[in-house]
Each structure stands twice: as structure tokens, then as C-alpha cells.
Amino acid sequence: MPEEKKKKIVFLVGPTGIGKSAVAIILAKKINAEIVSCDSIAVYRKMDIIASKATPGQRKKIKHHLLDVVSPAQEYNVAKYRKGALAICDKLFLKGKVPLFVGGSGLYYSIIIDGLFPHVPQDKSIRAKLNRQLETKGSKYLYKRLTKIDPAAAKKIHPNDARRIIRALEVYLKTGKQISMLQKNRSGLGKEHELNVFGLNLKRPALYRRVDARVNQMFRLGLINEVKRLLKHKLSKTAACAIGINELNGYFNGLYPQDEAKRLIQRNSRHYAKRQLTWFRKDKRIQWIDINKADSPAQVSLKIWKKLFL
RNA sequence: GCCGAGAUAGCUCAGUGGUAGAGCGCGGCCCUGAAAAGGCCGGCGUGGGGGGUCCGAUUCCCUCUCUCGGCA
């Protein structure tokens, strides 16, 4: 039975602030796993509080991968993530360990499970040119070009979505191939492995209360100083989009008081959580675990464990 | 107690004799090399209670309740 030989991979996803990390550590011990972070911000060093990374104490209990792998000055993206994550999976399989992916970055998750179409990395000069055209002629102009070059891609992309229009044009200009064709060619771990995907969720008001509370906690832990330190150096544009950077920068520049910065961070985090839920909701592979306030991380991880082995 | 202002969406408020909008908030969605990013869609409403005028009232009139100012 080849089915039996498939290697097991476990995913734990869900919106920010739901308590994935604590559950993951307990679960990892039970199933002989190591944790692979699936978080686009936690990859950055020196962004500990802002990314709510696992603490040194937690990392001592269970090994965490893909935390602190790049400096905040470096750009990071899905392709780098995928490369790193696949390498770690291989290592873990050799050790007989189960990879336990934990995080809320939906695209990163899907790139691991379903794959990424073959390498067409970004091209700085093509992008610069397209961005200039975006400024002078607007996204509608670029969209029209895309309509001619790759109608299928254009159909999927909204005329205002400049970022995706540019990427589609970039791929074509660089390879002469349509992104809509290339995108059909993807293969991820889902094909060769036994996937077990769990999602944590809470009723919306309770989730939002948790998100707000976690932002308060981040302030207590020293978010302001952490961001102040980060802003002393040049941040890559991918690191700079972490929620909290921009909001606090406005406060540092005297645009509004500190409370307003906090309010904005809380609001943007709630919006983010909502978008994450939209992303994950449509993935039918996810087995949802509804947690209520009373559930401890241990209870939640037990529920997952039961689903894994019963 | 008297005088004045107000009571409309979750919040702050606009407007109109033909059953209502704005901003923020909130909800839904899209997503393949920036993804904690970027983009799209949606008004979510017993217009404070009751009565009157009118073909028709959220809009005009009366009254009650409440809120906020001012005077006592």
C-alpha cells in the first residue's frame, strides 16, 4: 500500500492572535514534530515583539524553524520561504520527525501545499520600467496591455490591482510566456505527502478581543522601543509592511498621539485577521477546531491529536 | 422649574413633504516571487414614543420621554 508510505505533514493555521503557537508546542511534543514557522514577518531578526515570535523558552522545548533567518534590511518572499521550508522538511524526514507548519501567512501555506509555478523571479529593471509607466500612465493603461498579452490573466485581475498587473506583465516580458499558462504548472507537498491541516477559530467578537489584547501586550513588552530600533536602519520593503511599523512611525513623526498608533495597530490587526479567515475558509482541506475561551492550549492540542490518530 | 438646542446606521453627523445618505466602524470576497502586502464589493436603518395636518411625513404642527447647554 503506497498510501501507507506517505510521509506525514501537519499544518496548524488560523488568524493572528488565536493562540496557535502555544497549541503547536504541546502538539509537537505529542507527535514527535518540530515546528516550521509559516509567517512572513517572523523570518526577520530583531522583529520579535512585533511578530509575536515564540520565546526562547518555548524554542527550548521544541525546535522552531524559519524564525530569524534574514535581517530586516533584506527582502524576503514566497520563493525564498518555499526553498527554506522544503529543505527543512527533508531534514526532518531524515531524522524521522514530523514537520508541523504553524502560522497564518495564507500564501506561504498554499505555496508549500500546492506549489509555486517554476522560477520566474522578479526582474528589477523590468519592474522599474513598469512602475514608471504606472505612475505616468496609470494602471488602466498597463491593464490594457495585459489584456492583449494575456487575456486569461487579465480576466482574473482587477484593473486597479496594479501589483498583480505588473507581475503578470513582468513574467511575460521576461519569458515570453503567459503567467496564466505558467500558473497551471505547480506542484506542492500535497501530492506526495499525507497532509493534515487544522485551523483554529473563535467567534469574531472574541477573536477581536484577543487581537486587541495581544496588541496591548506587545506595547507592554516594549514594542515601541523595538520599532524605534528597527527604524534606525533601512528596512526592506517586505519587512516594513509588518503591522506596527507604519503606525508607530506616524506617532514618532508627531502625526498623532501614541494611543492613536495603538488604535491603528489594533484595527489593522483585526482587518488582517479577517482577511486570513477569508483565505483559509475556502480551503476545504482544513479541519476546523472552534475554540472557546475556556479551552486551554493543552485541550486544543489534545483535540487535534485525537483527530490525527483516531 | 424656566429658556434654548438636539434625538436619523455600531459611532460622529448631513439632508429631504414622495420611506434616507457621508466618514469612520463592520461584513463579504479575490489572491502564485512585496502577501502582516495589494485589490474589489456591500448601508448593515421600526429616522426617540404617541397624536395631528396632508394623497403622502424622517421632513410641518402638538405632546410626552430623554440628552446637552444656559438661567435659576
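Conventions used here
Residues numbered from 1 in each chain as written. Chains lettered and ligands numbered in written order. Predicted model: local features only at pLDDT ≥ 70, side-chain atom pairs only at ≥ 80, totals over all residues. Heavy atoms only, no water. Helix = DSSP H or I, 4+ residues; strand = E, 2+ residues; numbered from the N terminus. Rg over C-alpha atoms; globule rule 2.2 N^0.38 Å. Contact = heavy atoms within 4.5 Å. Lys, Arg positive; Asp, Glu negative; His and termini not counted. Charge placed at Lys NZ, Arg CZ, Asp CG, Glu CD. Near = heavy atom within 4 Å. Polar contact = N/O pair within 3.5 Å; in protein donor to acceptor, adjacent residues only side chain to side chain. Nonpolar A, V, L, I, M, F, W, Y, C, P; charged D, E, K, R; others polar. Pairing = 2+ DSSP bridges. Axes fitted to C-alpha atoms, helices over the stretch in contact; angles between N-to-C directions. Domains from an automatic or database assignment. Phe/Tyr/Trp six-rings, centres within 6.5 Å; stacked < 30°, edge-to-face > 60°. Buried < 20%, exposed > 50% of the residue type's maximum accessible area, 1.4 Å probe, protein only. Core = buried A, V, L, I, M, F, W, Y, C linked by side-chain atoms within 4.5 Å. Patch = residues over 30% accessible without salt bridge, like charges linked within 9 Å, V, L, I, M, F, W, Y side chains within 5 Å. Areas by Shrake-Rupley, 256 points an atom, 1.4 Å probe, with all protein chains shown as cover. Salt bridge = Lys/Arg side-chain N within 4 Å of Asp/Glu carboxyl O. Arc of directions from axis to C-beta. Parallel < 35°, antiparallel > 145°, perpendicular 65-115°, else oblique. Left-handed = near helix turned anticlockwise from the far one by under 90°.

**Observations concerning the overall build of chain A**
Broken down by element type, chain A carries 15 helices and 6 strands. Its C-alpha radius of gyration of 21 Å places chain A within 12% of the 19 Å reference for a compact globule of 310 residues. Dimensions of chain A, computed from C-alpha atoms along their principal axes, come out at roughly 60 × 55 × 35 Å. Long-range contacts, defined here as pairs at least 24 residues apart, represent 76% of the contacts in chain A between residues at least 6 apart. In chain A, 64 side chains carry a positive charge and 24 a negative one; their mean positions are 2 Å apart.

**Digging into the protein's contact with RNA strand B**
Taken together, the neighbourhood of RNA strand B is formed by 46 residues, with S40, Q122, R163, R267 and R281 sitting nearest. Contact between RNA strand B and Y76: a phosphate oxygen at 3.4 Å from a main-chain N or O atom of the residue. F117 has a polar backbone atom sitting 3.0 Å from a base oxygen of RNA strand B. Elements that contribute at least two residues to the surface near RNA strand B include exactly α4 (78-94), α5 (106-114), α9 (162-175), α11 (204-221) and α14 (258-281). Among the elements that make up the surface near RNA strand B, the one with the highest residue count is α14 (9 residues). Here the residues of the surface near RNA strand B are counted per class, giving 19 nonpolar, 12 polar and 15 charged.

**Structural notes on unusual backbone geometry**
Of note in the backbone geometry, K46 takes a positive phi value of approximately 65° without being a glycine. Residue placement: K46 occurs in the loop between β2 (33-37) and α3 (56-61). Here L66, not a glycine, exhibits a phi torsion of approximately 65°, which is positive. Locating L66 in the fold gives a position in the loop between β3 (64-65) and α4.

**Observations concerning the sheet that holds strand β1 (residues 7-13)**
Sheet architecture is open: 6 strands sit in the order β3-β2-β4-β1-β5-β6, paired in parallel fashion. The outermost strands of the open sheet, each flanked by one partner alone, are β3 and β6 (286-290). Inspection of the sheet shows β2 paired to strand β4 (residues 98-102) by 5 bridges, in the parallel sense. Its bridge partner lying in β4, S37 is registered against V102. Along the sheet, α4 contacts β1, β2, β3, β4 and β5 (193-201); its crossing angle with β4, the most-contacted strand, is approximately 150°.

**What about the domain arrangement of chain A?**
Here the domain parsing of chain A yields domain 1 (7-116 + 187-309) and domain 2 (124-183). Inter-centroid distance (C-alpha atoms) of domain 1 to domain 2 is 31 Å.

**A few points about the packing of aromatic side chains**
How two aromatic rings sit relative to each other is given by the distance of their centres and the angle of their planes. Taken as a whole and judged by the stated rule, the model has 7 aromatic pairs. Aromatic pair F11 and F101: ring centres 4.8 Å apart, planes at 15°, arrangement stacked. Here F11 is found in strand β1, whereas its partner F101 is found in strand β4, with 90 residues between them in sequence. Judged by its relative accessible area of 1%, F101 is buried. Arranged with centres 4.6 Å apart and planes meeting at 25°, the rings of Y81 and Y108 form a pair that is stacked. Here the residue Y81 occupies a position in helix α4, and Y108 occupies one in helix α5, the gap between them amounting to 27 residues. Pair check on accessibility: Y81 and Y108 agree, each one buried.

**Details of the nonpolar core**
The tendency in soluble globular proteins is for nonpolar side chains to be buried side by side. Formed by 49 residues in total, the largest nonpolar core has its most connected members in M47, I50, Y81, F101, Y109 and L223. Taken together, the elements giving at least two residues each to this core come down to β1, α4, α5, α11, α12 (223-231), α13 (245-252) and α14. Residue contributions to this core peak at 7 residues, all from α4. Apart from the residues lying within four places of it in its own chain, the contact partners of L223 are I49, I50, M218, L248 and I265. Grouped together as the second largest cluster of nonpolar side chains are 28 residues, I18, V102, I289 and I291 included.

**Some thoughts on a positive patch on the surface**
Positive charge collects at one region of the surface, where K80, K124, R163 and K237 lie side by side. Mapping K124 onto the fold places it in helix α6 (residues 124-137).

**Quick notes on helix α7 (residues 139-149)**
Listing the buried residues of α7 in full gives S139, L142, Y143, L146 and I149. Along the axis of α7, the buried positions cluster into a sector of 120°, meaning they face one direction only. Relative to its buried face, α7 has exposed residues pointing more than 90 degrees away, namely K144 and K148. In this fold, the buried residues of α7 make contact with α6, α8 (151-156) and α9.

**Remarks on the packing of α7 against α9**
Put simply, α7 and α9 touch, their axes get as near as 10 Å, and they point 45° apart. One finds that α7 runs oblique with respect to α9. Where α7 crosses over α9, the two elements pack in a sense that is left-handed. Mapping the contact onto sequence places S139, L142, Y143, R145, L146 and I149 in α7 and A162, I165, I166, A168, L169, Y172 and L173 in α9. In terms of residue class, the contact of α7 with α9 is built from 11 nonpolar, 1 polar and 1 charged.

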